[in-house]
Amino acid sequence: MRLIQAFSRSSAYEWRFLAKNPWDLTMIVWLPLATVLLVWWIFSQTQITDLPIGVIDQDNSPISNTVARYLEASPDITIQQFYHLPATAKAAILQRDIYALVIIPEDFERNILSSKPAPLILQVNAQYGTHSGIIQKSVQSVAGTLSAGVEIKRLIKQGMAPSQAAIAYSPISIQRISLFNAATNYQQFLASTVIPALLHILAMVIGATTIGRELRDKRLGRWYHFIALGYPDLMLENSNSLNSNALQTADKTLYQSVSTPKKLQLTVIAAGLLGKYVWAMLAYSIWAALALWLATRQQAVAVDSLIITYCGLLLLMALSFWLGAIFTLGSFSLRTGLSATGFISAPSYAFAGVTFPYIAISDSAQHWSDALPLTHYLKLHIAQLQMQAPVAISMPIIYGLALATIVAMSLTTLFTKRALAHPERWGAR
């Protein structure tokens, strides 16, 4: 019964605080909602098409015109402009008006008809890896198609049958089968994984600030007495029925009596912490459900895969709250806690192996990646939602996240007890 009272008092006080502080309420409700919807809208065009390139045609022949026509017909790229001077084209690349330049050299047609090498020159801005890869693939496809056509025509003129000419030109071919995300859907590839990463960052910030503001405002001891014994009545203090002078008088008298609690119970602290974070957890459970609904509404996903992914995301959010609290309580400083959460959570997506191969990073970076909870959740996310892997493959990740959450909550409770025992360190920014 006492633990239930501690939980309900803490949750009621937190609810009243959120109602009176719009910014903290925004961090829990409006900012994550806007983040989920904004990221999904950014990737609403699921495939990259019509990347702008430039062309310099120094040959001006029928075959060079065919090259330009094939380049324009490619769905991934589009010819933004024909240039006459290389300097003008390079200036356009620097200004990001185009991402690549295709140069058709002089005597291009003559070299082809004379069976001499006739290369197309592609200058691509490789600073943008995704753009560069798509453009190179498209231009290579155009060049391969034209080369095949020229060679097959030559072989046919020599008396070879069209089918034999096609085989003779390319006796070895590649049969490519895309196992997962065959349509190269960037909404599925990036948006569905970026959203949990951003929610992870916001959750850690909330974890740091929710308990950190009690330290900063020197109210941690009063919070404990309220949840454990019901006094001082923080709910009454937050009401508008008391004037400012009465609040100041009450604050001076009550601070001396409750700033250093004599008897601390870990179970009461744990129940109070659960009540303090319950509204954030409920809100982020809704945003997690929204994120997964957006990620799966256009594809068939098994119910058990959806359930285990949702459980994993909830565990990631809970773990994020406790980690943020640990960093703040461990340092006795809200500012240090926020700095630590930013240092750990902000770059975590880069180490998760989604955009850059995990196996390609250094050993030390792999160790750091393995220590980040987001890495393990995204492995589960991709396996279940995008690769339709058996649920049993991802169960160890669920067990690991659950264990990490329990350990983090226990550490938060112990760190809160330590902070309550050192009121002289309260008030740090």
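Residues numbered from 1 in each chain as written. Predicted model: local features only at pLDDT ≥ 70, side-chain atom pairs only at ≥ 80, totals over all residues. Heavy atoms only, no water.

Asks: Looking at this model, I keep getting lost on the nonpolar core. Mind explaining?
Replies: Here is a general trend for soluble globular proteins: nonpolar side chains tend to be buried in one another's company. If you look at the biggest cluster of nonpolar residues, it comprises 94 residues, and the most contacted ones within it are Leu71, Ile135, Leu220, Tyr224, Tyr284 and Tyr349. The greatest single-element share of this core, amounting to 15 residues, is contributed by helix H13 (residues 266-296). Look past the residues within four positions of tyrosine 349 in its chain and what remains in contact with it is Leu190, Thr193, Val194, Ala197, Val354, Thr355, Leu374 and Leu378. By size, the runner-up hydrophobic cluster in this structure holds eight residues, among which are Tyr83, Ala89, Ile93 and Ile103. (Core = buried A, V, L, I, M, F, W, Y, C linked by side-chain atoms within 4.5 Å. Buried < 20%, exposed > 50% of the residue type's maximum accessible area, 1.4 Å probe, protein only. Helix = DSSP H or I, 4+ residues; strand = E, 2+ residues; numbered from the N terminus. Contact = heavy atoms within 4.5 Å.)

Asks: Looking at this structure, I do not really get the packing of helix H14 (residues 303-331) against helix H17 (residues 373-386). What am I missing?
Replies: The relative placement of two packed helices is expressed as an angle between their axes plus a distance between the axes. Look at H14 against H17: their axes get within 9 Å of each other, and the N-to-C directions meet at 165 degrees. By the criterion of interaxial angle, the relationship of H14 to H17 is roughly antiparallel. Between H14 and H17 lies a crossing of left-handed hand. Of H17, the residues touching H14 (which contributes Ser305, Leu306, Ile308, Thr309, Gly312, Leu313, Leu316, Leu319 and Leu323) are Pro373, Leu374, Tyr377, Leu380, His381, Gln384 and Leu385. (Axes fitted to C-alpha atoms, helices over the stretch in contact; angles between N-to-C directions. Parallel < 35°, antiparallel > 145°, perpendicular 65-115°, else oblique. Left-handed = near helix turned anticlockwise from the far one by under 90°.)

Asks: So what exactly am I meant to see when it comes to the packing of aromatic side chains here?
Replies: For any pair of aromatic rings, the description rests on two quantities: the centre-to-centre distance and the angle between the ring planes. With the rule as written, the count across this model stands at seven aromatic pairs. Here the aromatic rings of tyrosine 99 and tyrosine 128 are separated by 5.6 Å at their centres, their planes lie at 80 degrees, and the arrangement is edge-to-face. Of this pair, tyrosine 99 sits in the loop between helix H5 (86-94) and strand S3 (100-104) while tyrosine 128 is found in the loop between strand S4 (121-124) and helix H7 (129-157), placing the two residues 29 residues apart along the sequence. An aromatic cluster is present here, built from Tyr277, Tyr284, Phe321 and Trp322 joined pairwise through their rings. Over the ring of tryptophan 293 we find arginine 297; its NZ or CZ atom is 5.7 Å from the centre of that ring. (Phe/Tyr/Trp six-rings, centres within 6.5 Å; stacked < 30°, edge-to-face > 60°. Lys NZ or Arg CZ within 6 Å of the ring centre and 35° of its normal.)

Asks: Sorry if this is basic, but what is going on with the pattern of salt bridges here?
Replies: Two side chains bearing opposite charge may form a pair once their charged atoms approach each other closely. As enumerated under the stated definition, the model contains seven salt bridges in all. With a shortest N-O distance of 2.9 Å, glutamate 214 and lysine 276 are connected by a salt bridge. In this pair, glutamate 214 is assigned in helix H9 (residues 186-216) and lysine 276 in helix H13, connecting sequence segments 62 residues apart. With relative accessibility at 3%, the residue glutamate 214 sits in the buried group. You can call lysine 276 buried: its relative accessible area is 2%. Arginine 216 is the salt-bridge partner of aspartate 217, the closest N and O atoms lying 3.1 Å from each other. Look at aspartate 217 and you get partly exposed, because its relative accessible area is 37%. (Salt bridge = Lys/Arg side-chain N within 4 Å of Asp/Glu carboxyl O.)

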